[in-house]
Amino acid sequence: MALSVFGLGYVGCVSAACLASRGFPVVGVDVNSSKIEFLRRGQTPVFEERIGQLIAEVVESGLLTVSDDPARAVLDSDVTMVCVGTPSAPGGGLATRYLERATDEIGAALATKDSFHVVVYRSTMVPGTCEEILIPRLERASGKRVGVDFGVCVNPEFLREGSSVRDFLNPPKTVVGESDERSGRQVMGLYDGLGGPRFRVPIPVAEMVKYVDNSFHALKVGFGNEIGAICASLGLDSHAVMDIFLADTKLNLSAAYLRPGFAFGGSCLPKDVRALMHTARVHDVEVPVLANVLVSNEMHLRRAVDQVIALGKRRIGIFGLSFKPGTDDLRESPMVELAERLIGKGYDVKICDANVALSRLLGANREFIEELLPHIGQVLTDDVDAVLDHAEVLIAGSREPSVVAAVNRAGAQHTVVDLVRLPGAEERRRREGYVGLGW
C-alpha cells in the first residue's frame, strides 16, 4: 500500500517518516519548497527527537520521497493523508482554507483515477468539518461518490511535540472515523502491530476525540497550577500534595466521574469546592478554573430544566431523588433542586425514590427537605404506577434497578428524559419520545 502525505509540518513529517519506517512507500507533498528540498536531501525540516536519523534512513532506502506535484502523488498512491494546518480564525473558530485547498487538489486528481482511493484527514478539525465541508468538495471536484468510488477517514493524531516519534510508534490509542467499512479497515491496517486500544467510529466522533483530549489536558494544567497557587499561599509543598492526589488511580486518575450525566451534589463536593474557593479568596489567590466548577454545575442543572420546558408538557414524574444511587441522602441533591424549580414554575410533579421514604427522613435530610421542598409529602410517593399514570414526562434521575424497571414500563404517551444514561439508552433513543441530557 503506497501513501501520499499532504503537509510536511510536525504531524505530516513525523507521520510520513514513521509510516515509511514501517515499510510503506510514502511520497510527501508540501507548498513550501524549502521543506521539500530538506527532505529530498534526507534532512529534517522540523526539530524533533529521533526524526533526523529516521528521515535520513527512509530517504536513503527510497521509502520516503517528495514531490511538488499533488496530482501525481495522488495517482501514484492508494491512500492520501492530509496533515495541513488548521489555525484559529478570527473569533476562535477553525480556519479551513488549507484543508479546502488540499481537498480540491486531491479531488481534481481523483477525477482522473480509476482505482479506489482513500483520503485520510489527520488534521485537527471540529465535528462536522469533514462531512459538511470536505466530503462535498471532494465529490464536487472528482465527480465521484464517497463510499462508492473513494473513501474518506478521519484519523486524529495524538503526538506530543518533543516525543512525537515515540508517540507514533507507541500510541495511547488509534482512532479511525470511517465513511465506509472498507476504508476504515484499510486505514486501521496502517497501524497493525502498534500498541494501545483501537477504535473505528463514525467520522464526527473521530473529529471530536482530539478536542476532548486537548481540552482535558489544558484543564489538568490549569487545575494543577491553581492547586499549586493555593498551596503556596498556605506555605504547603504543592508537589507533596499532588503526589498523594496522583497516587489515587481508583478515583482521581481514572474513569471515575468522567462519564457525562447529571449535575453533581451531595454533602461533600459542593461544600468542599466552596470552602477551597473561600480559602483562595482569603489569601488573594485568583483561581478561575475552580471558580467556575460550581458555575458549570449550575448550567447543567439549567439545561435539564430547559429541556423539560421545551417539551411543552405539564405533568412530570421523577424517578430518583437522592443525590446518587444507593443512598437516601438528599443534601444538595440536584434532583431535589430540579424538582423544586419545576414545581416553582407551576409543573404538576410526582416523585418516586425507592430509597427515600418521608417517614424515615431524619436529621439533615429532614431539615433540607423542610427548607427546600416543604410540600414534599404531596409529591413524594412509593407507588410507581401512580407516577406512570400521572405523568406525561418521566425524568430518570438514577440508574437504580427500580428506575430502570419503571422506565421500561413507559408507554407511547410518555416522553422520557434520561439524565443518567440508563442501560440500553442507545437502543431507547431510536424510539420516539426518549431524550438524553449531555449524551
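So, here is what we can say about the structure in this document. The structure presented is a predicted model; accordingly, all values stated were derived computationally and were not measured. (Residues numbered from 1 in each chain as written. Predicted model: local features only at pLDDT ≥ 70, side-chain atom pairs only at ≥ 80, totals over all residues. Heavy atoms only, no water.)

## Structural notes on the overall build of the protein chain
Moving on, step 1. A tally of regular secondary structure across the protein chain gives 19 helices and 14 strands.
Moving on, step 2. Over its C-alpha atoms, taken along the principal directions, the protein chain stretches across nearly 80 × 60 × 40 Å.
Moving on, step 3. Looking at the protein chain as a whole, 45% of its 439 residues qualify as buried.
Moving on, step 4. A separation threshold of at least 6 residues defines the contact pool for the protein chain, and within that pool the share at least 24 residues apart is 69%.
Moving on, step 5. Put simply, the protein chain has 47 plus and 56 minus side-chain charges, and the middle of one group is 2 Å from the middle of the other. (Helix = DSSP H or I, 4+ residues; strand = E, 2+ residues; numbered from the N terminus. Buried < 20%, exposed > 50% of the residue type's maximum accessible area, 1.4 Å probe, protein only. Contact = heavy atoms within 4.5 Å. Lys, Arg positive; Asp, Glu negative; His and termini not counted. Charge placed at Lys NZ, Arg CZ, Asp CG, Glu CD.)

## Observations regarding the pattern of salt bridges
Moving on, step 1. One pass over the full model with this rule turns up 18 salt bridges.
Moving on, step 2. A salt bridge links arginine 72 to aspartate 76; its shortest N-O distance comes to 3.0 Å.
Moving on, step 3. Residue classification places aspartate 76 among the partly exposed residues on the basis of a relative accessible area of 48%.
Moving on, step 4. Residue glutamate 298 is joined to arginine 302 by a salt bridge in which the shortest nitrogen-to-oxygen separation is 3.0 Å. (Salt bridge = Lys/Arg side-chain N within 4 Å of Asp/Glu carboxyl O.)

## Overview of the pairing of strand E7 (residues 174–178)
Moving on, step 1. Across the five residues that make up E7, a large majority, four, are buried.
Moving on, step 2. As judged from the two bridges shared by strand E6 (residues 150–154) and E7, these two strands associate in the antiparallel manner. Its bridge partner being in E7, cysteine 153 is matched across the sheet by glutamate 178.
Moving on, step 3. Here four bridges tie E7 to strand E8 (residues 198–201), and the two strands are oriented parallel to one another. (Pairing = 2+ DSSP bridges.)

## Some thoughts on the sheet that holds strand E14 (residues 434–436)
Moving on, step 1. The sheet built from six strands is open, its strands ordered E11-E10-E9-E12-E13-E14 with parallel pairing. Both edges of this open sheet fall to strand E11 (380–381) and E14, since each of them pairs with a single strand only.
Moving on, step 2. Pairing of strand E10 (residues 348–352) with E11 involves two bridges; the strand directions are parallel. Bridging across to E11, cysteine 352 finds its partner in threonine 381.

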